[in-house]
Amino acid sequence: QIPSLFYYNELIMLSDAGDARVGSITSEQNWFMKWKLLDGETVDDPTIMPLEVMLRGMLKKEVLLDFARHFVLFEDVGEGLKKKIAQYHQYSAVKAALASTVKATSAKGNRQGGVVWHTQGSGKSLTMVLYTGLLFLEDRMNNPTVVVLTDRNDLDGQLFDTFCANAPILRQTPVQADSRD
């Protein structure tokens, strides 16, 4: 009845105490995921209830504010904007990759930022966009140029489409090479 009430909704959390999941206002049911980070570490302890992990992990003041500011995207999917949120492993990977990059590029750094390993379907495109968006905000990085190399044309197209759909957090329009040269 009043869709404008949901404009500022960042997260939707569902729980029956035995299970707890988080998604966005536009998430399909299968995209509501568990939050498994507590104090920056993945929790795989069956004695700690998922709701407790979410409340103490994701809703910790610093994490929630950081998440709301940097890990909620509004992706233009053609038929309108879709609100997407990072999953716990994406949040963790982006934070670790950013810290590693800042350290590696510092005056005493070894210039080796590291690699984030992804499995199929893990959200690698979104993880890369989130990382790049935070990289541009990092003052110590001095406005870096980001080049993404892929080994498959379909992946190249997928990444480019995802970067274009999320251009506002990149603060510029992505450019795609049309040849190896």
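Rules of the game
- Each residue is numbered by its place in its chain's sequence as written, counting from 1.
- The model is predicted, so local features are restricted to residues of pLDDT at least 70 and side-chain atom pairs to those at 80 or more, both for listing and for counting; the totals for chains, interfaces and linings are taken over all residues.
- Remark: hydrogens and water are excluded; side-chain values derive from all non-hydrogen atoms of the structure.
- Under the DSSP-based scheme used, a helix requires at least four consecutive residues in state H or I and a strand at least two consecutive residues in state E, with every element numbered from the N terminus.
- The globule rule is 2.2 Å times the number of residues to the power 0.38, and the radius of gyration it is compared with is taken over C-alpha atoms.
- Exposure categories follow from relative accessible area, calculated using a 1.4 Å probe and restricted to protein chains: below 20% of the type maximum is buried, above 50% is exposed, and the middle band is partly exposed.
- For this analysis, residues touch if any pair of their heavy atoms sits within 4.5 Å.
- Accessibility throughout is a Shrake-Rupley quantity obtained with a 1.4 Å probe, and a residue counts as covered only by protein chains that appear here.
- Charge counting treats Lys and Arg as positive and Asp and Glu as negative, with His and both chain ends excluded.
- One atom stands in for each charge, and that atom is NZ of Lys, CZ of Arg, CG of Asp or CD of Glu.
- The arc refers to the directions leading from the helix axis to the C-beta atoms.
- The aromatic pairing rule takes the rings of Phe, Tyr and Trp, using the six-membered ring of Trp, and pairs them if the centres are within 6.5 Å, calling planes under 30 degrees apart stacked, those over 60 edge-to-face and the rest tilted.
- The term salt bridge refers to a side-chain nitrogen of Lys or Arg lying within 4 Å of a carboxyl oxygen of Asp or Glu.

Regarding the overall build of the protein chain
Along the protein chain, the regular secondary structure elements total six helices and six strands. Its helices and strands taken in sequence order, the protein chain reads β-β-β-β-α-α-β-β-α-α-α-α from the N to the C terminus. In terms of C-alpha radius of gyration, the protein chain reaches 18 Å, essentially the compact-globule figure of 16 Å for 181 residues. Considering only C-alpha atoms, the protein chain reaches an extent of 55 × 45 × 30 Å along its principal axes. Taking all 181 residues of the protein chain together, 34% fall into the buried category. Of the contacts made within the protein chain by residues no fewer than 6 positions apart, 55% connect residues no fewer than 24 positions apart. When the accessible surface of the protein chain is split by element, carbon and sulfur atoms take 52% of a total near 12200 Å². Charged side chains in the protein chain number 19 positive and 22 negative. The centres of these two groups are separated by 6 Å.

A short note on helix α2 (residues 61-70)
By the burial criterion, the buried members of α2 are V63, D66 and F67. Relative to the axis of α2, the buried residues are bounded by an arc of 100 degrees and lie together on one face. Of the exposed residues in α2, those oriented more than 90 degrees away from the buried face are K61 and L65. Where α2 is buried, its residues contact α1 (50-58), β5 (72-76), β6 (81-85) and α3 (88-104).

Observations concerning the packing of aromatic side chains
Evaluated as defined, the whole model comprises five aromatic pairs. Between W35 and Y91, the ring centres sit 5.6 Å apart and the planes meet at 55 degrees, which makes this aromatic pair tilted. Taken together, the positions of W35 in the loop between β2 (20-23) and β3 (37-38) and Y91 in helix α3 put the pair 56 residues apart, joining distant regions of the chain. Joined through ring pairs, the aromatic side chains of W35, F67, F71 and Y91 make up one cluster.

As for the pattern of salt bridges
All told, the structure shown has nine salt bridges when counted by the stated rule. Across the pair K34 and D19 runs a salt bridge, and its minimum N-O distance is 3.7 Å. Of this pair, K34 sits in the loop between β2 and β3 while D19 sits in the loop between β1 (12-15) and β2, placing them 15 residues apart in sequence. A salt bridge links K84 to E75; the nearest nitrogen and oxygen atoms lie 3.0 Å apart. A relative accessible area of 9% places E75 in the buried class. Three or more residues joined by partner-sharing salt bridges are found here, namely D19, R21 and K34.

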